[in-house]
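What follows is each chain in one-letter form.
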Amino acid sequence: MDKFVIRGGKKLSGQVEISGAKNASLALMPASLLVSGNSKLYNTPELNDVYTMTKLLNHLGVKTNFENHVLELDSSNIISQDAPYEHVKKMRASVYVLGPLITKYGTARVSLPGGCAWGPRPINLHLEGLKKMGADIELNEGYIIAKAKRLKGARINFDVSSVGATGNILMAAALAKGTTIINNAALEPEISNLAEFLIKMGARINGINTSTLEIEGVDELHTAEIDTIPDRIEAGTILIAGALTHGNITIKNISNQHMNSVLSKLEDSGCNLNINNGLVSLGAAYNSIKSSDITTAIYPGFPTDMQAQWTAYMALAEGTSTVTDTIYLDRFKHVPELVRLGANITVNENSAVIKGVKKLTGAKVMSTDLRASASLVLAGLAAEGTTEVLRVYHLDRGYQKIEKKLLALGADIERVEGSEY
Ligand code: EPU
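Computed from a predicted model, the values in this text were never measured in an experiment.

### Comments concerning the site of the ligand
Around the ligand sit 22 residues, and of these Asn-124, Ser-162, Val-163, Asp-305 and Ile-327 come closest. The contact in question runs from an oxygen atom of the ligand to an N or O atom on the side chain of Asn-23, over 3.1 Å. Contact with the protein chains covers 85% of the free accessible surface of the ligand, which is 820 Å². Within the residue set of the shell around the ligand, elements represented by two or more residues are helix 1 (22–31), helix 5 (124–132), helix 6 (163–174) and helix 12 (370–382). Looking at the shell around the ligand, the element that brings in the most residues is helix 5, giving three residues. Looking at the shell around the ligand residue by residue, the classes come out as ten nonpolar, seven polar and five charged.

Laid out in structure tokens, this is it:
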């Protein structure tokens with residue numbers, strides 16, 4: 001297992017390019033199952049979750065070719081509708097194959113994803129939506145067994161706005177008979193990216209970028225190509241690296257309108273931002289960081305996927321701040337590790353109260369999940385001395401070689417391969 005060794009305290013400066021969005025790729029890739037032939041996804045990030053989804057699609061019969069961030073998926077010869085446990089256990093987003101398989105092939109057997117490192121992550125909304133569309137769904141021996149002659153359009157009201165359920169129903173509805181209306185649909189840009197891709201395939205979708213999506217099913221879709229949107233979470237993580245080290249950095253190839261909540265909070269915390277189309281320059285003008293509370297919310301609110309990184313940032317702010325996660329109530333596995341680096345944070349239910357400290361001090365810390373690991377790397381960049389972040393495979397799931405981007409900005413960070421647990 002690899003680890004990062006970070007010698008903290010270097011001010012970051014320079015420019016980096018942001019990669020394609022992991023969570024967009026994970027929705028776009030299974031959409032290739034809706035057609036027979038070659039789909040092309042541009043700006044696909046090279047990261048482990050993309051490789052895991054590739055392996056699952058290969059298992060179903062999709063042939064893939066991945067070069068220079070262009071992912072080609074040939075779904076002409078699907079040989080299985082079965083997503084086994086050994087694939088799904090590695091990544092919950094594997095459940096995205098359910099909607100396309102049942103709508104195109106009338107059958108799907110998909111392992112139930114189960115919980116994740118920070119608690120339960122139900123998929124009831126995916127299943128209830130498909131049932132409303134006429135699917136016959138059984139749970140048996142840890143698997144979802146879904147069957148339908150042809151799905152039919154339905155009015156689906158989500159009690160909670162869910163990215164995954166919106167994506168799954170959107171893909172299923174594209175080939176259903178009749179019109180599906182999704183109320184309280186997720187507004188996340190990754191879902192809009194998926195909807196645009198489906199439209200390029202010939203799907204009829206109205207209401208993109210609103211919380212009501214109307215999909216008029218068609219009999220067949222055709223192959224298409226699309227650009228994957230930039231990763232707003234990678235972008236936010238790197239901006240915080242600049243802010244925490246009082247640096248001056250520029251990130252390129254972003255959609256700044258996807259990042260309004262994070263950019264505005266960075267300004268509140270004392271950063272100077274120069275925002276242009278596709279580019280943000282951050283200058284941490286002050287030596288002190290102003291404390292600034294956040295509460296995570298669905299898009300366009302502050303993303304839960306930036307909560308851990310913000311917590312690390314506020315650890316070094318002046319005064320006290322509160323970080324509340326309303327999307328996942330127990331997503332605080334990074335806190336005890338940040339405390340090992342000298343942070344003063346207490347967690348009470350779904351809020352962390354952070355009393356800013358003057359400095360963090362390097363130590364060995366353990367990654368527990370993707371965004372928790374990102375927060376530890378950020379803290380390590382700002383800490384005095386050496387921080388070792390163990391188990392960086394969590395980070396490799398969702399960031400494309402983040403150490404290379406940080407090195408390019410002048411960080412002292414090294415990957416040590418095959419080291420201790
Ligand atoms: N929920 C339900 N029932 C469902 C589905 C969701 O109650 O059937 C609840 C969840 O428990 C949660 C909320 O709805 O409280 C939102 O969950 P959502 O379904 O939107 O999450 P997801 O689709 O499983 C995606 C991202 C996550 C990100 C969340 C929230 C992908 C592949 N994953 O997950 O990304 O945290 O949306 O924005 O798109 C990450 O990248 O680190 C990550 C975890």
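That was the structure; now back to the text.
### Regarding the packing of helix 5 against helix 6
The interhelical angle for the contact between helix 5 and helix 6, taken along N-to-C directions, is 25 degrees, at an axis separation of 8 Å. Taken together, helix 5 and helix 6 sit at an angle that is classed as roughly parallel. As helix 5 runs across helix 6, the sense of the crossing is right-handed. Here helix 5 contributes Leu-125, His-126, Gly-129 and Leu-130 to the contact with helix 6, which in turn contributes Gly-164, Ala-165, Asn-168, Ile-169 and Ala-172. Residue composition of the contact of helix 5 with helix 6, by class: five nonpolar, four polar and no charged.

### Comments concerning the sheet that holds strand 2 (residues 13–17)
The strand order 2-15-17-16 describes an open sheet built from four strands, whose pairing is mixed. At either end of the open sheet lies a strand with only one pairing partner, and these are strand 2 and strand 16 (271–276). Shown here is a sheet whose adjacent strand axes are inclined to one another by a mean of 15 degrees, direction ignored. By the bridge criterion, five bridges tie strand 15 (residues 248–252) to strand 17 (residues 279–284) in an arrangement that is antiparallel. Paired with Lys-252 across the bridge in strand 17 is Leu-279.

### With respect to the environment of Ala-241
Position of Ala-241 among the secondary structure elements: in helix 8 (residues 232–244). Residues Ala-241 and Leu-381, spaced 140 residues apart in sequence, show a C-alpha to C-alpha distance of 7.3 Å. Setting aside chain neighbours within four positions, we find Ala-241 in contact with Leu-12, Leu-378, Leu-381 and Leu-406.

### Concerning the pairing of strand 15
Pairing geometry for strand 2 and strand 15, over five bridges, is parallel. Paired with Val-16 across the bridge in strand 15 is Ile-251.

### Digging into helix 5
Residues of helix 5 that are buried include every one of Leu-125, His-126, Leu-127, Gly-129 and Leu-130, and no others. In the stretch just after helix 5, Gly-134 is the one whose phi turns positive, near 100 degrees.

### A look at the pattern of salt bridges
Applying the stated rule across the entire model yields 17 salt bridges. A salt bridge links Arg-415 to Asp-2, with the nearest nitrogen and oxygen atoms 3.0 Å apart. Remark: Asp-2 occurs in the segment before strand 1 (3–7) and Arg-415 occurs in strand 26 (residues 412–416); sequence separation between them is 413 residues. Owing to a relative accessible area of 22%, Arg-415 belongs among the partly exposed residues under this scheme.

About the cut-offs
Residues numbered from 1 in each chain as written. Predicted model: local features only at pLDDT ≥ 70, side-chain atom pairs only at ≥ 80, totals over all residues. Heavy atoms only, no water. Near = heavy atom within 4 Å. Polar contact = N/O pair within 3.5 Å; in protein donor to acceptor, adjacent residues only side chain to side chain. Areas by Shrake-Rupley, 256 points an atom, 1.4 Å probe, with all protein chains shown as cover. Helix = DSSP H or I, 4+ residues; strand = E, 2+ residues; numbered from the N terminus. Nonpolar A, V, L, I, M, F, W, Y, C, P; charged D, E, K, R; others polar. Axes fitted to C-alpha atoms, helices over the stretch in contact; angles between N-to-C directions. Parallel < 35°, antiparallel > 145°, perpendicular 65-115°, else oblique. Left-handed = near helix turned anticlockwise from the far one by under 90°. Contact = heavy atoms within 4.5 Å. Pairing = 2+ DSSP bridges. Buried < 20%, exposed > 50% of the residue type's maximum accessible area, 1.4 Å probe, protein only. Salt bridge = Lys/Arg side-chain N within 4 Å of Asp/Glu carboxyl O.

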